[in-house]
Amino acid sequence: YDLLSAAPFFREFAVSTPVSAAEVNRFLLGRGIIGGVDLGAAYPAIPRMKDALLLAFTELTVRADIDDLVEALQDLAPQLTADQRVQVGAAEARL
């Protein structure tokens, strides 16, 4: 996972995903978590949006919900290929 933009953001941001955003959202839904907007589906003509999610958080989002999201995204990593795990690890190291 990596930010799509280095620009400052407030409440919402786009992240690239190591697998399709639809697959990430299916995995999250299986954990009872509503994922983000699949930007590849919303903007199919823009190549960098292919595997990207728009995530949003408001003042009503509690830290425990964010922690659950992060944990679920980390749990998806063992299901990825070796190359995809390297990409995820590199992105996490930058956070």
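Keep in mind the model is a prediction, meaning the values are calculated, not measured.

**With respect to the layout of surface pockets**
Item 1. The calculated volume of the second largest pocket comes to roughly 230 Å³.
Item 2. In terms of lining residues, the second largest pocket is bounded by 14 residues, among which Ile34, Gly35, Ala56, Phe57 and Leu69 are the most central.
Item 3. The set of elements that each furnish at least two residues to the lining of the second largest pocket consists of strand E4 (52-56) and helix H3 (63-76).
Item 4. Tallied by class, residues from the lining of the second largest pocket come to 10 nonpolar, three polar and one charged.

**Some points on the confidence of the model for the chain**
Item 1. Put simply, the chain has an average pLDDT of 84, and 81% of its residues get 70 or more.
Item 2. Mean pLDDT per element in the chain: helix H4 (residues 82-94) is the minimum at 48, and strand E3 (residues 37-38) is the maximum at 96.
Item 3. Segment residues 88-95 is flagged for pLDDT under 50; beyond a separation of four residues in sequence, or across chains, it makes seven contacts in the model.

Cut-offs used in this document
Residues numbered from 1 in each chain as written. Predicted model: local features only at pLDDT ≥ 70, side-chain atom pairs only at ≥ 80, totals over all residues. Heavy atoms only, no water. 1 Å grid on protein atoms, 1.4 Å probe; cavity = no way out; pocket = protein on both sides within 12 Å on 5 of 7 lines; lining within 4 Å. Points joined across faces, edges and corners; volume = space filled by probe spheres on them. Helix = DSSP H or I, 4+ residues; strand = E, 2+ residues; numbered from the N terminus. Nonpolar A, V, L, I, M, F, W, Y, C, P; charged D, E, K, R; others polar. pLDDT = per-residue confidence, 0-100. Contact = heavy atoms within 4.5 Å.

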